[in-house]
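# Observations on chain architecture
Residue strings, one per chain:
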Amino acid sequence: MARIVMKFGGTSVADLDRLRNVAARVQREVEAGNEVAVVVSAMSGTTNQLVGWCQGLSSLHDAREYDIVVSTGEQITAGLLAIALQTLGIEARSWAGWQIPIRTDGAHGKARIEAIEGQELIRRMGLGQVAVVTGFQGLGPDNRITTLGRGGSDTSAVALAAALGADRCDIYTDVDGVYTTDPRIVPRARKLARISYEEMLELASVGAKVLQTRSVELAMKEQVRVQVLSSFQDLPGTLVVDEDEIVEKEIVSGIAYSRDEAKLTVRGVPDRPGVAAAVFGKLAAENVNVDMIVQNISEEGMTDMTFTVGETDLPRAQAALSAVQPEIGYAELLADINVAKISVVGVGMRSHAGIASTMFKALADKGINIQVISTSEIKVSILIASEYTELAVRSLHTAYGLDAS
Ligand code: ADP
Ligand code: ASP
Ligand code: MG
């Protein structure tokens, strides 16, 4: 007997037939004698619609109201799945985040889970009741509903698995594992039987949406055994494990892309101490995460600063920087949302030279211009025009020898 958390994403619960399919999978685990908690996402498309409604009214909407709106999708699925399980004769009940509660910090729209009170769930699971928990949401210190950022149900699942002391956290999705890159844009991508927490963390943080970054961070910290697998087919998935559990290490294990980036250029900034602190300090105060940064050499005491922020943070970043324009005295603020970030990730980079140059050459061969570059110990990222995203990912996948034969 094991205690397991099963998480089902949006496509896996997209309609009643798929919910029945999910219920049947849960039933199999229950009949095998396991204690089961299920974490569900909203039906696919629902969260986008809810976000769109908030944005349609105001791009600078109150994040607390955004949270109460966008968290509703998960509530629908949790109730529906509980009903589907009950029709199979399985004792089940739904739990909204606030009912458990799943406590988070107060960063509405991108809150972090701080604590989960799992005792009551454990007690009921011990009596054979399946807990169906809403993903993506929690309860903030202001006693209002928070959400965990897009894709946050993965994090709900891992955090719940840690709180319940679960033996496994199975993430069921619409692909059958983690691939060398998004199999939807590179059909020759290869499924990885295992991937290290560290590489998965890096891939997720640069755009591989198969797991939310924070979920991998938590899994690594809490040593949760995470498995990514298909909710439609019975196939072995991908296990996320410690690096020393991987025997054959690749130099590059994966390529990720993100189109959710926006490039901002602050043009004509006085090149003196304190300016970067003023620009980035203001953005930090507005809770805007800045990613890639470049500053040009100055000419006549003036310089340009280019950096990227998440596309959804762009209106707030623009508003924040416009407010400090008189203080900083820059000439112009330019924004470009037609950019994409492409990243190559692998722990082998620590000990191998030439990874970045292979990347630059492969892109040059396709005539793709690189706008910004950033690197870390196990990653190289570049920013390009978004229209070249697929071409760039495919070319790099081939250049690093990752294509399936
Ligand atoms: P869910 O709704 O189940 O949470 P997501 O859409 O969030 O599913 O994540 C699954 C998707 O992640 C896949 O459909 C795939 O297009 C995408 N993806 C991106 N990178 C990868 C990768 N390296 N391996 C597998 N899937 C990936
Ligand atoms: N429904 C939320 C989203 O679409 C959370 C999730 O699916 O993980 O972002
Ligand atoms: Mg997801």
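Bear in mind that the values here come from a model prediction, so they are computed numbers and not experimental data.

### Comments concerning the sheet that holds strand 2 (residues 35-40)
Read across the open sheet, the 8 strands follow the order 3-6-2-1-9-11-12-10; overall the sheet is mixed. The open sheet has two edge strands, strand 3 (92-95) and strand 10 (194-196), and neither has a second partner. Between one strand axis and the next, the sheet turns through 20° on average, direction left out of account. Strand direction decides the pairing type here: strand 3 and strand 6 (residues 130-134), joined by 4 bridges, are parallel. Paired with Arg 93 across the strands is Ala 131, a residue of strand 6. Contacting strand 1 (3-8), strand 2, strand 6, strand 9 (168-173) and strand 11 (226-230), helix 1 (residues 16-31) runs over the sheet at an angle of about 170° to strand 1.

### Details of the packing of aromatic side chains
Going through the model one piece at a time under the given rule, you end up with 2 aromatic pairs. With centroids separated by 4.7 Å and ring planes inclined at 10°, the aromatic side chains of Phe 8 and Tyr 172 adopt a geometry described as stacked. Taken together, the residues span a long stretch of sequence, with Phe 8 in strand 1 and Tyr 172 in strand 9 at a distance of 164 residues.

### Considering the packing of helix 5 (residues 119-126) against helix 6 (residues 153-164)
With their axes 10 Å apart at the nearest point, helix 5 and helix 6 run at an angle of 75° to one another. As the angle between them shows, helix 5 and helix 6 are arranged roughly perpendicular. From helix 5, Leu 121, Ile 122 and Met 125 reach across to helix 6, where they touch Leu 160, Ala 163 and Leu 164. The class makeup of the residues in the contact of helix 5 with helix 6 is 6 nonpolar, no polar and no charged.

### As for the nonpolar core
Nonpolar side chains in soluble globular proteins tend to end up buried together. Val 5, Leu 121, Val 133, Cys 169, Met 200 and Val 226 are the most contacted members of the largest nonpolar core, which has 44 residues in total. The biggest single contributor to this core is helix 6, with 6 residues. Apart from residues lying up to four places away in sequence, Val 226 is in contact with Val 158, Cys 169, Ile 171, Leu 211, Ala 219, Thr 238, Leu 239 and Val 240. By size, the runner-up hydrophobic cluster in this structure holds 24 residues, among which are Phe 8, Val 38, Val 40 and Ala 78.

### A short note on helix 12 (residues 355-365)
Those residues of helix 12 that sit buried are Ile 355, Met 359, Ala 362 and Leu 363. Considered in projection along helix 12, the buried side chains sweep an arc of 95° and stay on one side of the axis. Among the exposed residues of helix 12, those oriented more than 90 degrees off its buried face are Lys 361, Ala 364 and Asp 365. The secondary structure elements touched by the buried residues of helix 12 are strand 16 (332-345), strand 18 (379-385) and helix 13 (389-399). Count one or two residues on from helix 12 and you reach Gly 367, which has phi positive near 70°.

### With respect to the site of ligand 1
Every one of the 16 residues lining ligand 1 counts as a neighbour, but Thr 173, Asp 174, Tyr 179, Asp 182 and Arg 184 are closest to it. Contact distances for ligand 1 include 3.0 Å between an oxygen atom and a backbone N or O atom of Gly 10. Here Asp 174 contributes a side-chain N or O atom positioned 2.8 Å from an oxygen atom of ligand 1. For ligand 1, the accessible surface in isolation is 570 Å², of which the surrounding protein chains cover 84%. Grouping the constituent residues of the shell around ligand 1 by class yields 6 nonpolar, 5 polar and 5 charged.

Reading the values: the criteria
Residues numbered from 1 in each chain as written. Chains lettered and ligands numbered in written order. Predicted model: local features only at pLDDT ≥ 70, side-chain atom pairs only at ≥ 80, totals over all residues. Heavy atoms only, no water. Pairing = 2+ DSSP bridges. Helix = DSSP H or I, 4+ residues; strand = E, 2+ residues; numbered from the N terminus. Axes fitted to C-alpha atoms, helices over the stretch in contact; angles between N-to-C directions. Contact = heavy atoms within 4.5 Å. Phe/Tyr/Trp six-rings, centres within 6.5 Å; stacked < 30°, edge-to-face > 60°. Parallel < 35°, antiparallel > 145°, perpendicular 65-115°, else oblique. Nonpolar A, V, L, I, M, F, W, Y, C, P; charged D, E, K, R; others polar. Core = buried A, V, L, I, M, F, W, Y, C linked by side-chain atoms within 4.5 Å. Buried < 20%, exposed > 50% of the residue type's maximum accessible area, 1.4 Å probe, protein only. Arc of directions from axis to C-beta. Near = heavy atom within 4 Å. Polar contact = N/O pair within 3.5 Å; in protein donor to acceptor, adjacent residues only side chain to side chain. Areas by Shrake-Rupley, 256 points an atom, 1.4 Å probe, with all protein chains shown as cover.

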